[in-house]
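Listed below are the residues making up each chain.
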Amino acid sequence: MTSSRVGTLGWAERTGGILSRRERIGLLGDAARLQMQILPAQTRALLGRGNPRAVSVDQDRLRVLDTMIAREAEALCAEVYTQALLNHCLRSYAWGTILAQRDGLDHDPELFYVTCLLHDLGVTDRYRDTVTGQACFAAAGATVAREWSRERGWREPRCTALADAISQHLNPYVAPEHGIEAHLMQAGAGFDVVGMRHWEVATPTVQTVLASHPRLGFKKSFGSAMCAQADQHHGTRTHFLYRYMQFGARINRAPYPD
């Protein structure tokens, strides 16, 4: 069942966002399989070897959407995010859009854009620790985003897709069959936070995105916020990432100047 899968909002509501031992082992397995899959390309990148298959995307294809709910999401983010965090959300949208083109994945641009904008609501001063009984910031943000989208007339399946994509983005990997937008959300955020798959995008395209949405010291500010979450909420996926996957070091090693 979808609601029982680790990372979905249904799972988080049932567990309070706390991983069982079996679930931690499962996530470690997902991470190991992903690492084995990307290891050859990652090694070539670390050795400074270019990737002739790196994708280039025209800047016009990365334009943000101009729909009513997109503008309302932007307005909310302008109220609750720092500029560095807002730029992270916009870059996550750009990276996910680029990877969707590279992988030939059809997706809903509006749903994906709103997902990217709202995916870090749970770490903001306004919404941090506001969902009773929920230790996971991603699930708390997903709960807020689901109610926000309901209030704006989205139908329930679309609200659920939004919430699940936000809640799942802390997983080491989200398969496309678990939601295209969820897959792209996790991939875009991973690209931005730790440089996952950066070698698959041509350097001029990367530079264009960074110029459009500067990082503004993102490594330090975001790393501090995530470390605080891990320290405060043991047993969550954030704590798992720090304890088992060297998340802080990975953030610092991301291949972007801050």
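Please refer to the structure placed before this passage.
Thresholds, definitions, all that
Residues numbered from 1 in each chain as written. Predicted model: local features only at pLDDT ≥ 70, side-chain atom pairs only at ≥ 80, totals over all residues. Heavy atoms only, no water. Buried < 20%, exposed > 50% of the residue type's maximum accessible area, 1.4 Å probe, protein only. Helix = DSSP H or I, 4+ residues; strand = E, 2+ residues; numbered from the N terminus. Contact = heavy atoms within 4.5 Å. Core = buried A, V, L, I, M, F, W, Y, C linked by side-chain atoms within 4.5 Å. Salt bridge = Lys/Arg side-chain N within 4 Å of Asp/Glu carboxyl O. Phe/Tyr/Trp six-rings, centres within 6.5 Å; stacked < 30°, edge-to-face > 60°. Axes fitted to C-alpha atoms, helices over the stretch in contact; angles between N-to-C directions. Parallel < 35°, antiparallel > 145°, perpendicular 65-115°, else oblique. Left-handed = near helix turned anticlockwise from the far one by under 90°. Nonpolar A, V, L, I, M, F, W, Y, C, P; charged D, E, K, R; others polar.

Draft legend 1. Structural detail: helix α5 (residues 109-118). Across the 10 residues of α5, nine count as buried, placing the element largely inside the fold. What α5 keeps buried is the set Glu-110, Leu-111, Phe-112, Tyr-113, Val-114, Thr-115, Cys-116, Leu-117 and Leu-118. Contacts made by the buried residues of α5 are with α3 (68-80), α4 (83-103), α6 (137-151), α7 (156-168) and α8 (180-194).

Draft legend 2. The arrangement of the environment of Arg-71 in detail. If you trace the backbone, Arg-71 turns up in helix α3. Among the residues examined, Arg-71 registers a relative accessible area of 41% and is labelled partly exposed. Taking C-alpha positions, Arg-71 is 9.3 Å from Val-114, a pair spaced 43 residues apart along the chain.

Draft legend 3. Examining the nonpolar core more closely. Within the largest apolar cluster, 56 residues are counted, with the highest numbers of intra-cluster contacts made by Tyr-81, Val-114, Leu-117, Leu-118 and Leu-121. Once you skip the residues sitting within four places of it in the chain, Val-114 turns out to touch Ile-69, Ala-70, Ala-73, Trp-148, Trp-154 and Leu-162. Counting residues in each nonpolar core, the second largest holds 15 residues, with Ala-94, Phe-191, Leu-210 and Ala-254 among its members.

Draft legend 4. Fine view of the pattern of salt bridges. This model, assessed by the stated rule, comprises 19 salt bridges. Where Arg-102 meets Glu-200, a salt bridge forms, and the shortest distance between an N and an O atom there is 3.0 Å. One end of the pair, Arg-102, is in helix α4; the other, Glu-200, is in the loop between α8 and α9 (203-212), and 98 residues separate them in sequence. Take Arg-102: its relative accessible area is 35%, and that puts it in the partly exposed class. Owing to a relative accessible area of 11%, Glu-200 belongs among the buried residues under this scheme. With a closest N to O distance of 3.7 Å, Glu-147 and Arg-146 form a salt bridge. Judged by its relative accessible area of 33%, Glu-147 is partly exposed.

Draft legend 5. Representation of the packing of aromatic side chains within the structure. Applying the stated criterion to the full structure yields seven aromatic pairs. Ring centres 4.9 Å apart and planes at 70 degrees place the aromatic pair Tyr-93 and Tyr-113 in the edge-to-face group. Here Tyr-93 is found in helix α4, whereas its partner Tyr-113 is found in helix α5, with 20 residues between them in sequence. Here Tyr-93 and Tyr-113 have matching classes, each one buried. Look at Tyr-242 and Phe-247: their rings are 5.5 Å apart centre to centre, the planes differ by 90 degrees, and that puts the pair in the edge-to-face class. The class of Phe-247 is buried, set by a relative accessible area of 12%.

Draft legend 6. How the structure looks around unusual backbone geometry. The backbone of Asp-129 sits at a positive phi, close to 60 degrees, despite the residue not being glycine. Position of Asp-129 relative to the elements: it lies in the loop between α5 and α6. Phi at Leu-216 is positive, roughly 55 degrees, even though this residue is not glycine. Examined against the element boundaries, Leu-216 turns out to sit in the loop between α9 and α10 (218-232).

Draft legend 7. Representation of the packing of α5 against α8 in the model. Packing of α5 against α8 leaves a shortest axis separation of 10 Å and a crossing angle of 40 degrees. When the interaxial angle is binned, α5 and α8 end up oblique. When the axes of α5 and α8 are compared, the crossing they make is right-handed. In this structure, α5 contributes Leu-111, Phe-112, Thr-115 and Cys-116 to the contact, and α8 contributes Glu-181, Leu-184 and Met-185. The class makeup of the residues in the contact of α5 with α8 is five nonpolar, one polar and one charged.

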